[in-house]
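Overview (structure and organization)
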Amino acid sequence: MSPISEAPDALVARHAHGGRSLVAVLHAIQDEAGYVPPGCVAPLAKALNLSRAEVHGVLTYYHHFRTEPPARVTIQMCRAEACRSMGCEALAAHAQARTGCAFDAAHGDSPQAGAVAPGDVALESVYCLGLCAQSPSMTINGVLHAKVTPEKFDALLADAVAHAQEAA
Ligand code: FES
């Protein structure tokens with residue numbers, strides 16, 4: 001995944017081929033660019049012989065797809081039943097306090113902001129990662145982590161932020 005560096009038309013031309021479905025093309029674009037730029041909707045509709053409304057509808061229906069660039073560290077914390085039974089809501093509160101980010105919202109607006117730079121981190125809720133027996137669980141930039149304690153969260157966060165800043 002790298003920051004988008006070219007026009008949406010070029011992204012669409014590279015991925016909308018070979019009988020691929022719209023969902024497959026959206027995955028391919030997001031895998032490459034980190035998100036699906038809204039400017040892709042019209043060229044996707046043209047390439048796949050769909051209406052813009054159909055493309056927009058699919059793009060916005062599936063929670064996985066994002067239409068804005070991701071934070072450098074994206075944390076997806078499970079907030080479903082098994083993880084709740086093992087304290088994920090307390091962990092979520094800790095994560096918010098530690099990062100200054102709000103879940104599933106624009107971040108950097110908390111009075112406790114400052115633990116990490118705004119734009120570095122995003123907190124997202126997900127609903128079961130299949131690690132229910134090792135909850136609470138989360139992914140950080142797509143990598144699974146199980147049995148996460150507040151202390152483990154802090155260490156994982158520090159590693160991920162440092163790695164992201166090195167890569168920038
Ligand atoms: S409920 Fe959290 S991994 Fe299944």
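In short, a report on the structure. (Residues numbered from 1 in each chain as written. Predicted model: local features only at pLDDT ≥ 70, side-chain atom pairs only at ≥ 80, totals over all residues. Heavy atoms only, no water.)

**Remarks on helix H1 (residues 8–15)**
Stated formally: Here the term buried applies to any residue with accessible area under 20% of the maximum for its type, exposed to any over 50%, and partly exposed to those in between, with areas from a 1.4 Å probe on protein chains only. Per the convention used, a helix needs a DSSP run of H or I reaching at least four residues, while a strand needs a run of E reaching at least two, with both numbered from the N terminus. Summarising the geometry, the arc corresponds to the directions from the helix axis toward the C-beta atoms. The contact criterion used throughout is that any non-hydrogen atoms of two residues lie within 4.5 Å.
Along H1, the residues classified as buried are Leu11, Val12 and His15. The arc that holds every buried residue of H1, seen down its axis, measures 95°, which confines them to one face. Seen from the open side of H1, the exposed residues pointing more than 90 degrees away from its buried face are Asp9 and Ala13. On the buried face of H1, the contacting elements are helix H2 (22–33) and helix H3 (41–48).

**Details of the pattern of salt bridges**
Any two side chains of opposite charge can pair, given that their charged atoms come close. Heads up, the condition is: Take a side-chain nitrogen of Lys or Arg and a carboxyl oxygen of Asp or Glu: if they are within 4 Å of each other, that pair is a salt bridge.
This model, assessed by the stated rule, comprises six salt bridges. Salt-bridge contacts for Arg79 lead to Glu89; the nearest nitrogen and oxygen are separated by 2.9 Å. Of the two residues, Arg79 sits in the loop between strand E1 (73–78) and helix H5 (81–85) while Glu89 sits in helix H6 (residues 88–99), which places them 10 residues apart along the sequence. Among the residues examined, Arg79 registers a relative accessible area of 15% and is labelled buried. Take Glu89: its relative accessible area is 30%, and that puts it in the partly exposed class.

**Concerning the sheet that holds strand E2 (residues 121–126)**
Cut-off, in case you're wondering: Here, any two strands with at least 2 DSSP bridges between them count as paired. Axes, fitted as lines to C-alpha atoms, cover a helix only where it is in contact. Angles between the N-to-C directions of the axes lie from 0 to 180 degrees.
Taken in spatial order, the four strands make up an open sheet running E2-E1-E3-E4, and their pairing is mixed. The open sheet is flanked by E2 and strand E4 (143–145), the only strands paired with a single partner. Adjacent strand axes in the sheet meet at a mean angle of 25°, parallel and antiparallel pairs treated alike. Contacts from H6 reach E1, E2 and strand E3 (138–140), with the element oriented near 160° to E1. Each of E1, E2, E3 and E4 is contacted by helix H7 (residues 150–167), which is oriented at about 155° to E1, the strand it contacts most.

In short, shape yes, function no, at least from these values alone.
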